[in-house]
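Chain by chain, the residues:
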Amino acid sequence: MKRNEKPINDSLNFDELLTLLQQLREQQHSLQQQLRSEQTNLQQLAKRLWLQQEHDRARFARDLHDDLGQQLTGIATQLAAADDNPLCRELHQQVKHAIASTRTLARLMHPTLVHDLGLQAGIQWLNRQLLQPAGITLELDYGLSSRLDTDAELFLFRIVQEAMVNTVNYAQADRFELLLERSQSALLLIARDNGQGFDSEQVEAGVGLQGMQDRASAFGAEFTLRSAPGKGCEIQIQLPLHQAITPEEP
């Protein structure tokens, strides 16, 4: 130790130590506030980016419906006029199938049904489009008595959509359970299948699971994944109530 340096207990009296400790606490508090502010800014940026992606999807869906859909409809009309030709009849059926596929794709990209009729109607539509063709039974417990904020409904619709897609593609399940309920502070969504499951500690998250996690983070929601071999898969979302209800709602 140099000659001019003394231990703290020799160079500072009790009051000076208290002042130093108070300054350290204030600096710590200031850094914590700055960190929370930066986290909030990042979350808001992620949400804006997600909403911009949804706007881009909506524009592309309109192009599909208005441009490609109308062109296919025109072709179908011309083929129907030549129904006496077997080849034209076959082409007519193929074009009608293409029209139906285009409409389904447009609705998946931009689910206007959710905006018009609400989340429950959107879930039932997903059931008809995804689960039923795969022979999977939906068990829905929808405990929400009123509409949610438009962005929150779309967020939850995307979570359910991705969970159903994962179940259809990977789970080898025949049952898909979905629970939505509201508490005093949060909205809870639980999606569970009875499929083959996987080791959630060992399997790296794919694009679908990572997308759900990113969306949840953007909305300040808590994302939980539970799965084990032979025990199905469960996804849980807890969305803070202030993110889920409209400003007018108490």
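What comes next concerns the included structure. (Residues numbered from 1 in each chain as written. Predicted model: local features only at pLDDT ≥ 70, side-chain atom pairs only at ≥ 80, totals over all residues. Heavy atoms only, no water.)

1. So, the sheet that holds strand S3 (residues 186-193)
Piece 1. A sheet is described by the order of its strands in space; here 5 strands give the open sequence S1-S2-S3-S5-S4, paired in mixed fashion. A strand with exactly one partner marks an edge of an open sheet, and here the two such strands are strand S1 (137-142) and strand S4 (222-227). Going across the sheet, the axis of each strand differs from the next one's by a mean of 10 degrees, ignoring polarity.
Piece 2. In this sheet, strand S5 (residues 233-240) lies alongside S4 in antiparallel orientation, the contact comprising 6 bridges. (Pairing = 2+ DSSP bridges. Helix = DSSP H or I, 4+ residues; strand = E, 2+ residues; numbered from the N terminus. Axes fitted to C-alpha atoms, helices over the stretch in contact; angles between N-to-C directions.)

2. A look at the packing of aromatic side chains
Piece 1. One pass over the full model with this rule turns up 1 aromatic pair.
Piece 2. Seen in terms of ring centroids, Phe155 and Phe219 are 4.5 Å apart; in terms of plane orientation they differ by 15 degrees. Their pairing is stacked. Here Phe155 is found in helix H6 (residues 150-171), whereas its partner Phe219 is found in the loop between helix H7 (207-218) and S4, with 64 residues between them in sequence.
Piece 3. The exposure class of Phe155 is buried, given its relative accessible area of 0%.
Piece 4. What makes Phe219 buried here is its relative accessible area of 0%. (Phe/Tyr/Trp six-rings, centres within 6.5 Å; stacked < 30°, edge-to-face > 60°. Buried < 20%, exposed > 50% of the residue type's maximum accessible area, 1.4 Å probe, protein only.)

3. A word on the packing of helix H5 (residues 119-131) against H6
Piece 1. Contact geometry of H5 with H6 gives a least axis separation of 10 Å together with a crossing angle of 20 degrees. Of the possible angle classes, the one that applies to H5 and H6 is roughly parallel. The crossing of H5 and H6 is right-handed. Here H5 contributes Leu119, Gly122, Ile123, Trp125, Leu126, Asn127, Leu130 and Leu131 to the contact with H6, which in turn contributes Glu153, Leu156, Phe157, Val160, Gln161, Met164, Val165 and Val168.
Piece 2. Looking at side-chain class alone, the contact of H5 with H6 contains 12 nonpolar, 3 polar and 1 charged residues. (Parallel < 35°, antiparallel > 145°, perpendicular 65-115°, else oblique. Left-handed = near helix turned anticlockwise from the far one by under 90°. Contact = heavy atoms within 4.5 Å. Nonpolar A, V, L, I, M, F, W, Y, C, P; charged D, E, K, R; others polar.)

4. Here we look at the side chain of Gln236
Piece 1. Relative to the assigned elements, Gln236 resides in strand S5.
Piece 2. In this structure Gln236 comes out as buried when scored by relative accessible area, which is 12%.
Piece 3. Looking at Gln236, its side chain comes within polar contact range of the side chain of Gln238, at 3.4 Å.
Piece 4. Ignoring any residue separated from it by four or fewer positions in sequence, one finds Gln236 in contact with Leu188, Leu189, Ile190, Glu222, Phe223, Thr224 and Arg226. (Polar contact = N/O pair within 3.5 Å; in protein donor to acceptor, adjacent residues only side chain to side chain.)

5. Some thoughts on the pattern of salt bridges
Piece 1. Under the definition given, this model contains 6 salt bridges.
Piece 2. Salt-bridge contacts for Glu234 lead to Arg192; the nearest nitrogen and oxygen are separated by 2.8 Å. Highlighted residues: Glu234 in strand S5 and Arg192 in strand S3, separated in sequence by 42 residues.
Piece 3. Note on Arg192: relative accessible area 30%, which makes it partly exposed. (Salt bridge = Lys/Arg side-chain N within 4 Å of Asp/Glu carboxyl O.)

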